[in-house]
Amino acid sequence: MKVPIKWLKDYLNMVVPPGDLANRLMMSGNEVKAVLSVGENWDNVGVARVTAISPHPNADKLRLATVDTGKGTETVVCGAWNFGCGDKVAFASIGAVLIDGHNGQTLRLKPAKIRGVESRGMICSEMELGISQEHNEILVLPADAPVGMSLQEYLGDTIIDLDVTPNRPDCLSIIGIAREAASLTGQPVHIQEPVYQETGNPIESCIRIEIEAEDLCSRYCASLISDVQIRPSPQWMQDRLIACGMRPINNVVDISNYVMLEYGQPLHTFDYDRIAGRKIIVRRASADEVITSLDGVERKLNQNMLVIADGARAVAVAGVMGGLNSEVTEKTLNILLEAASFKATSIHSTGEALGIPSESRYRFERGISAGVALPALKRATQLIVELGAGKAARGWIDVYPGRKIPQPVKLSVIRLKKLLGVDFTREQIMNTLVSLGIECRQSGLNDEIEAVAPYWRSDINIEEDLIEEVARIQGYDKIPNTLLADPLPPVNPDPLIKLKDVIRSGLTAHGFTEILNFSLVGRDLLSKIGTVAPASSAGPLRVTNPMTSDMEFLRTSLRGNLLNAFAANRRYQEGSIRLFELGRVYLAREHNLPDERETVCALMGGLRFERSWQSQNEVMDFFDAKGTIEGLLLYLGLSAAFEKGQDGGLHPGKQADIYIKKQKIGVVGEVHPAVALGFEINEPVYLIEMDLKALVQFAAADRIYRPIGKFPSTTRDMALIVASEITHQQIQKIITSFGLTELAEIFDVYAGEQVPPGKKSLAYRLTYRSPDHTLTDQEVNRVHQQILDRLNKELGAVLRS
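Below, the structure is looked at part by part.

The rules we used
- Residues numbered from 1 in each chain as written.
- Predicted model: local features only at pLDDT ≥ 70, side-chain atom pairs only at ≥ 80, totals over all residues.
- Heavy atoms only, no water.
- Helix = DSSP H or I, 4+ residues; strand = E, 2+ residues; numbered from the N terminus.
- Expected span 1.5 Å × (residues − 1).
- Polar contact = N/O pair within 3.5 Å; in protein donor to acceptor, adjacent residues only side chain to side chain.
- Buried < 20%, exposed > 50% of the residue type's maximum accessible area, 1.4 Å probe, protein only.
- Contact = heavy atoms within 4.5 Å.
- Disulfide = S-S within 2.5 Å.
- Salt bridge = Lys/Arg side-chain N within 4 Å of Asp/Glu carboxyl O.

A look at helix H14 (residues 495-509)
- Counted at 1.5 Å a residue, the expected span for H14 with its 15 residues is 21 Å, and the 21 Å between its end C-alpha atoms agrees.
- Sitting at the amino-terminal end of H14 is aspartate 494, which places a side-chain oxygen 2.9 Å from the backbone nitrogen of leucine 496.

In structure tokens, the structure reads:
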């Protein structure tokens, strides 16, 4: 919301500089994005009067304009034709900094010869001054503009750009900010009741208003204007609209926009003569009803949408956009002016479903108070009459089924002190609230104040709302810092948070980069990773009002976005890519809230080592991913077992389930080539996925300290011949089950000519150590033989000769 200071001064005596006011607004909870100074670069630009115009001797499309600058006269070359003798214009003399209308770059004005005629200056367009994008026409100033005055003094302004919070729709208006500023500076706000001449027929005899959907429309006000004159709005109004970032169109449209900015209430105008049956019906749309909106797009409606209809068809989508069939054009003679109050959630869902952003929708979906509708309607009608744009019918229509009597909110002084820690007096509290337009009176109890919120404040409903108003107007910065009277309660850290920190550090140490993605994904992404959205309730959860088709479902896996990121990085990066994400996935449960699982998913692919003269350009394989898991679990003092997996998204021969103490916690393996191809990945990519809820119960267990052995170790090697289906894990489990076995490392795997068919050779180095004495050869040989005997008995393993 852009607030020009000159406009603000219509309602408030400015006793502080704009920068100071912006700071006070910021400290009171109104976010200030910027303080803009319009015209700060208009040095050497002033108001001039055109005294003569003559044709250019060497160019038919150019003219020579002589201007009185107040300090003399200058004759300059000009290509615009929208001004005449006697007009006031903005004249830039040599040295002025302007914007080039052809390329948008800044330039410093110098003397120039244009088709043989010297021009020492320039008559400026709005674009050259940086006011708007209009470049084809000269900026013609009002007739009362004083010749010789600096343009900065005449047109310059300071604009406070606010980012209004959703709970304060009243601040989406100049008057709303004026009320805020008045309370913060201790000044009264000046808002006059709109008064205008009524010369037409009684409005009740000309139009009838019916509200059928009272749950979606609490109030509908209308006035009727006859003998409408469609023409440009006055320059002062255009200047204010431009300062607020809006483009002037014509007087009727500009007045609607002007009042919307002034009061915060959107308005809409209908061509009265195109309203069938001379009546307006506010109703829900019919099933598959169609309307062509003002942007020329045919839009299909549904029964959840609110429309403004006449006796024959819908003429507007309520609160969002008008219909082409009731549009005000240059041929319009009579208009019906609308100001209404619609249910915020209805406007939001309708706008989202139709994909129509608009200024009116932006305001309605924040919950504008119904009390603003009639004052805004009167103000717009007043401006139309005063500016000679038409004649007002007698009276107005105000259908108000949602009228509610304002209920007082009780405020306890003791409660305020308890929440804020400041002992404000009753007088301070009441004076602060009254400065905001809140009516206050003392309750029967000495401790209580009864307050009634003004009609424009729809956000004040409970005691805490009043306490907040006192705190922000008195100043959050004035609330003293106070030490806590009692000690803080002990904190029980969440083991899941600690686990995530350890995993994040561990994967980062392994060379992985963390990425973050939205929890919402599209149907296409789910299909690529093998998860689609079936009709059954067990399918992925669909968002009721998705923002885009790519954000339609809650993700059931982290894989899709990671694969997208891998593919995107591969387009610009060679070598290795290691990515991971920590986040929730959402699994539907029938008749219940979804199962939100904390998950870690990692992808790796490409070269095992960065390219160098020492590396052999080896690419990663399954064992790199498996080793990453083992290294990661080592951070947690855990070890994992791996069993053959059945994950459909992974390569059937290159995957494994991860177990800790017989409980599955995740999977590891190569992404299925068909899945990878769907993401345009043409190389092996390896995936790690673990359920943190399943892992945390083991990671949170107490770790047992084991001291470094005091006595020397001894090693033995064994090469075993086993069946091809026997796994390393089966062998290692038997070896390490013996108490003296400290370590078992595999250092060779072979299958070939010297090994029988269906067999393979596995070579191990075993480390033996005793915690209480030095082992003898006899002890080691005995344990070594016991291991061989058990391997032979359980797995059919024999020593390789």
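Continuing now.
So, the side chain of glutamine 265
- Position of glutamine 265 among the secondary structure elements: in the loop between helix H7 (251-263) and strand E17 (268-271).
- For glutamine 265, a relative accessible area of 1% translates into the label buried.
- Among the polar contacts made by the side chain of glutamine 265, one reaches the main-chain carbonyl oxygen of alanine 340 at a distance of 2.9 Å.
- Excluding residues within four positions of it along the chain, glutamine 265 makes contact with Val259, Met260, Ala339, Ala340, Phe364, Ile368, Ser369, Val372, Ala373 and Ala376.

Here we look at helix H13 (residues 463-474)
- Between its first and last C-alpha, H13 extends 17 Å over 12 residues, near the 16 Å set by a 1.5 Å rise per residue.
- Turning to H13, its buried residues number three or more, namely Glu463, Asp465, Leu466, Ile467, Glu469, Val470, Ala471, Arg472 and Ile473.
- Those residues of H13 that are buried are in contact with helix H2 (18-27), helix H5 (174-185), strand E27 (409-412), helix H11 (413-420), helix H12 (426-435) and strand E29 (448-452).
- Looking one or two places after H13, you find glycine 475, whose phi comes out positive at around 115 degrees.

Quick look at the environment of serine 233
- Examined against the element boundaries, serine 233 turns out to sit in the loop between strand E16 (217-226) and helix H6 (235-243).
- Judged by relative accessible area, serine 233 falls into the buried class, the value being 5%.
- In this structure, the C-alpha to C-alpha distance between serine 233 and asparagine 492, residues 259 residues apart in sequence, is 66 Å.
- With near-sequence residues (within four places) excluded, serine 233 lies in contact with Gln238, Asn250, Asn251 and Asp254.
- Of the polar contacts made by the side chain of serine 233, one reaches the side chain of aspartate 254; its length is 2.5 Å.

Structural notes on the state of the cysteines
- Counting across every chain of the model gives 0 disulfides.
- With no disulfide of its own, cysteine 85 lies closest to cysteine 78 among cysteine sulfurs, the gap being 13 Å.

Observations concerning the pattern of salt bridges
- Taken as a whole and judged by the stated rule, the model has 48 salt bridges.
- Here lysine 300 and aspartate 288 are joined by a salt bridge, their closest N and O atoms 3.4 Å apart. Remark: aspartate 288 occurs in the loop between strand E18 (279-284) and strand E19 (290-292) and lysine 300 occurs in strand E20 (residues 298-300); sequence separation between them is 12 residues.
- The exposure class assigned to lysine 300 is exposed, which follows from its relative accessible area of 57%.
- Here arginine 570 and glutamate 683 are joined by a salt bridge, their closest N and O atoms 2.6 Å apart. Separated by 113 residues along the polypeptide, arginine 570 in helix H16 (residues 559-570) and glutamate 683 in the loop between helix H18 (673-678) and strand E38 (685-691) bring together distant segments of the chain.

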